[in-house]
Amino acid sequence: MIRKKKKILMILSGIMITLGACVNQESGLPRGKNTIEVQNVEEGEETATSTVMADENITPTTNIEEMVTLSQTIKIEENITVTPVITEEIKIEEKDEVVQKYKIAIDAGHQQKGNSEQEAIGPGATETKAKVASGTTGVSTGIPEYQLTLEVAKKLEAELINRGYEVIMIRESHDVNISNAERAEIANNSGADIFIRIHANGSENQSVSGILTISPTKNNPYCSQIFAESRELSEEILNAMVEETGAINKGVMETDTMSGINWCEIPVSIVEMGFMSNPKEDELMQTEEYQKKLVKGMADGIDSFFN
Ligand SMILES: [Zn+2]
């Protein structure tokens, strides 16, 4: 979590000087220019210096143009009390103070070898599914989905760290064997605030292209408590990615068939970055430039979700 640290400064457009008993009440301060040092009594720090023009008035006022951080009555000397006349309070954001960072769990979809062993599609479910599907392959490039997902996941990791997030990577190599339910469990137990699952799509129709994101449905029997936030996360990411890449917006898909979503206890979104079955999009997704746009879009969407 990143909290803005705010410092409140006050502009003193005037101060009232009350003369103490030891000061000549008739003349007040000596005529002409008097330099006074305004001190913060509590801190004992000098915070502003001002010039007082004293005239015949017993209680001269002056203007302090400087912005000083004073909130209470201040003293110049023992026998002169200066009360700030606060006319304006402005809040200035000093800097982002990182109190506690948001943590993002990233899963690069699939792995080198799929695992057809079965696991429950959600907590308490009797229905089962393969632990990890083998994923799709680029129709033009021949590159497997698990390679593309990890390549982009690592770039997203770097971008998010650069933006002040903490990141946990579910996998950092291809030669792993982690089921979809296990991936969700790792994310749940990592202390992450959200879970981003990176995938690429495939269709029998090679002309289909575009980006879509996936969230659970409102009535998901396993994780309906994360529906609203998952849906919002999916929308933010999708919109930002489409804006950045100019790809076709395929919308947010809601489904309760994904083990890696159903086992989740934190807001989750599957990002289908594009169709590897579309020759043009397959090739595009392998370019440095397009991957940069995909990553920027995802990171912008994550920023929007938290702001
Ligand atoms: Zn996939």
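Bear in mind that the values here come from a model prediction, so they are computed numbers and not experimental data. (Residues numbered from 1 in each chain as written. Predicted model: local features only at pLDDT ≥ 70, side-chain atom pairs only at ≥ 80, totals over all residues.)

## Quick word on helix α2 (residues 180-189)
Residues that lie three or four places apart on an α-helix share one face, since the helix turns once every 3.6 residues.
In step 1: Of the positions making up α2, those classed as buried are N180, A181, R183, A184 and A187. Considered in projection along α2, the buried side chains sweep an arc of 160° and stay on one side of the axis.
In step 2: Those residues of α2 that are buried are in contact with β8 (103-108), β9 (115-120), β10 (128-132), β12 (194-201) and α4 (259-262). (Buried ≥ 20, exposed ≤ 12 C-beta atoms within 10 Å, placed from the backbone. Helix = DSSP H or I, 4+ residues; strand = E, 2+ residues; numbered from the N terminus. Arc of directions from axis to C-beta. Contact = placed C-beta atoms within 7 Å.)

## Focus: the confidence of the model for the protein chain
In step 1: Across the protein chain, pLDDT averages 80, with 67% of residues at or above 70.
In step 2: Below a pLDDT of 50 lies the segment residues 17-79, which in the model reaches 110 contacts outside its immediate sequence neighbourhood of four places, other chains included. (pLDDT = per-residue confidence, 0-100.)

## Structural notes on the sheet that holds strand β11 (residues 166-169)
In step 1: Ordered by their spatial adjacency, 6 strands build an open sheet running β11-β8-β12-β15-β13-β14, and the pairing between neighbours is mixed. Taken across any chain shown, the strands that pair with only one partner, and hence form the sheet edges, are β11 and β14 (249-254). Taken over all neighbouring pairs, the strand axes of this sheet differ in orientation by 20° on average, direction set aside.
In step 2: Two strands pair when backbone bridges link them, and strand β13 (residues 211-215) and strand β15 (residues 268-275) are joined in this way by 3 bridges, in the antiparallel orientation. Counted as the bridge partner of I214 is I270 from β15.
In step 3: Sitting on the sheet, helix α3 (residues 227-245) touches β12, β13, β14 and β15, and the angle it makes with β13 is about 170°. (Pairing = 2+ DSSP bridges. Axes fitted to C-alpha atoms, helices over the stretch in contact; angles between N-to-C directions.)

## Re the environment of E272
In step 1: Along the chain, E272 turns up in strand β15.
In step 2: Classification of E272 by C-beta neighbours within 10 Å gives buried; the count is 21.
In step 3: Considering only alpha carbons, one finds E272 and I214, 58 residues apart in sequence, at a separation of 7.9 Å.
In step 4: In this structure, E272 is in contact with H199, A200, N201, I211, L212, T213 and I214, ignoring residues within four places of it in sequence.

## With respect to the packing of α3 against helix α6 (residues 288-306)
In step 1: At a minimum axis separation of 7 Å, α3 and α6 run at an interaxial angle of 140°. Like other packed secondary-structure pairs, α3 and α6 cross with a definite hand, here right-handed. Contacts between α3 and α6 involve E232, L233, E236, I237, N239, A240, M241, E243, E244 and T245 from the former and Y290, K293, L294, K296, G297, M298, D300, G301, I302, S304 and F305 from the latter.
In step 2: Per-class residue counts for the contact of α3 with α6 are 9 nonpolar, 5 polar and 7 charged. (Left-handed = near helix turned anticlockwise from the far one by under 90°. Nonpolar A, V, L, I, M, F, W, Y, C, P; charged D, E, K, R; others polar.)

## Observations regarding unusual backbone geometry
In step 1: Although it is not a glycine, H110 adopts a positive phi angle of roughly 70°.
In step 2: On the secondary structure map, H110 appears in the loop between β8 and β9.
In step 3: On the neighbour-count criterion, H110 (26 C-beta atoms within 10 Å) is buried.

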